[in-house]
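# Structural characterization, general
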Amino acid sequence: MVHQQRSAARLSPSSDTEDTTDMGMLLAPRLAHFAGVARTEHVTRAAQEMNVPQSTLSRAMARLEQDLGVDLFARHGRTVSLTPAGRTFLTSVERALAEVQRAADEVRADADAATGKVAFGFLHTMGAETVPGLLHAFRADHPRVRFGLVQNHGEAMLEGLRAGQLDLCLTSPVPDAPDLVARRLDEQKLRLVVPAEHRLASRRRVRLAEAAEETFVTLEPGYGLRRITDALCREAGFRPRVAFEGEEAETLRGLVAAGLGVALLPPPTVPRPGVVELAVTAPRAVREIGVAWLADREDTPPVAAFKKFLLSRRGALLPD
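Let me begin by describing the structure that accompanies this report. Since this is a predicted model, take the numbers as computed values, not measurements.

### A few points about helix α6 (residues 130-138)
Regarding α6, the residues found buried are T130, V131, L134, L135 and F138. Looking down the long axis of α6, one finds its buried residues gathered within 125 degrees of arc, a one-sided arrangement. The secondary structure elements touched by the buried residues of α6 are β3 (117-122), β4 (146-151), β5 (168-171) and α10 (301-312).

See below:
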């Protein structure tokens, strides 16, 4: 069956892309009105149900048909019925409205103070012990708040904040950027990790300059710990000779245990055989851990509650 075609659609954009964008923006406010009229098959009744003046609703339907260039309704006095084109259009409109409703329900649920969701990023090295402990303590008072957890390196998490993928992140070094707010929470000592049979393995403490001739295994460029390692070695008077670059601290410990180099790393969750961890006396080898968020974004109640909790852990963020 051929749809009854009006003389021409009102829009005549210069490209297919413009056509899709402009028509979608033009039609969106009228879709719920169209669905209401289609459901009741009566403009007056639909206007009463939607609390819209009948004249406004009638004009909106006439304008919708004009913009589409097809008749959606057949008029029968005070009642209307859908044309074949109208039934085709209604199927997609109902699907679109249902999806909008689903999205609205989802974002409202995520913002709920008791059961909402926090998108939280953190460094790989904090995933085994620090973050589970934090979440356990937080949920003692907020048992139904949900979390979307992301482990990544610092730069990737800051980009996640900017892209709206994360609400908060724990990172190191503490960022200094005009579009971000960051607060220092704690610091973590770094150790020089050497193979068990290494010439320094019998020591408890070492100056970093004593490792100037060693081969290093490090995280890849872009990782905060890599930048800290490079800076500490530079302060100690040398540039590290890097043989292996990885993405995870425990992998680096495995490389050290295999005799492939030495590394500057935070303490392990569980001691690893085959390596010795030496305190670094000079320069002062620590990394600062901080929480960061986007400066101009308003927090939902669950995000605000978790942010307040993290800030309350200043100086006691890391396990003893």
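### A closer look at the sheet that holds strand β8 (residues 205-207)
Across the sheet, which stays open at both edges, the four strands sit in the order β8-β12-β7-β11 with mixed pairing between neighbours. The strands lining the two open edges of the sheet, one partner per strand, are β8 and β11 (263-265). Averaged over all pairs of adjacent strands, the angle between strand axes in this sheet comes to 45 degrees, irrespective of strand direction.

### Observations regarding the layout of surface pockets
The volume enclosed by the largest pocket comes to roughly 560 Å³. The set of elements that each furnish at least two residues to the lining of the largest pocket consists of β6 (180-189), α9 (249-257) and β12 (275-282). Partitioned by chemical class, the residues of the lining of the largest pocket number 13 nonpolar, five polar and nine charged. Roughly 260 Å³ of internal volume is contained in the second largest pocket. Taken together, 16 residues form the lining of the second largest pocket, with K117, A119, D167, T300 and V303 sitting closest to its centre. Sorting the residues of the lining of the second largest pocket by element identifies α5 (84-111), β3 and β13 (286-294) as the ones contributing at least two each. With three residues, β3 is the largest single contributor of residues to the lining of the second largest pocket. Grouping the constituent residues of the lining of the second largest pocket by class yields six nonpolar, three polar and seven charged.

### What about helix α7 (residues 154-162)?
Three or more residues of α7 are buried, namely G154, M157, L158, G160 and L161. Down the axis of α7, the buried set is contained in an arc of 155 degrees. They therefore lie on one face. The inward-facing, buried residues of α7 contact β3, β4, β5, β6 and β13. G164 occupies a position one or two residues after α7 and carries a positive phi of about 80 degrees.

### Remarks on empty space enclosed by the protein
Following the criterion strictly, the structure yields two cavities of 30 Å³ or more and no others. Volume-wise, the largest cavity comes out at about 130 Å³. Surrounding the largest cavity, 15 residues form its lining, L123, T125, L219, Y223 and R287 being those nearest its centre. Looking at the second largest cavity, its volume works out to about 40 Å³. In terms of lining, the second largest cavity is formed by F216, V217, T218, L219, L225, T229, L252, A263, L264 and L265. Taken together, the elements giving at least two residues each to the lining of the second largest cavity come down to β9 (215-219), α8 (224-235) and β11. A per-element tally of the lining of the second largest cavity places β9 first, with four residues.

The rules behind these values
- Residues numbered from 1 in each chain as written.
- Predicted model: local features only at pLDDT ≥ 70, side-chain atom pairs only at ≥ 80, totals over all residues.
- Heavy atoms only, no water.
- Buried < 20%, exposed > 50% of the residue type's maximum accessible area, 1.4 Å probe, protein only.
- Helix = DSSP H or I, 4+ residues; strand = E, 2+ residues; numbered from the N terminus.
- Arc of directions from axis to C-beta.
- Contact = heavy atoms within 4.5 Å.
- Pairing = 2+ DSSP bridges.
- Axes fitted to C-alpha atoms, helices over the stretch in contact; angles between N-to-C directions.
- 1 Å grid on protein atoms, 1.4 Å probe; cavity = no way out; pocket = protein on both sides within 12 Å on 5 of 7 lines; lining within 4 Å.
- Points joined across faces, edges and corners; volume = space filled by probe spheres on them.
- Nonpolar A, V, L, I, M, F, W, Y, C, P; charged D, E, K, R; others polar.

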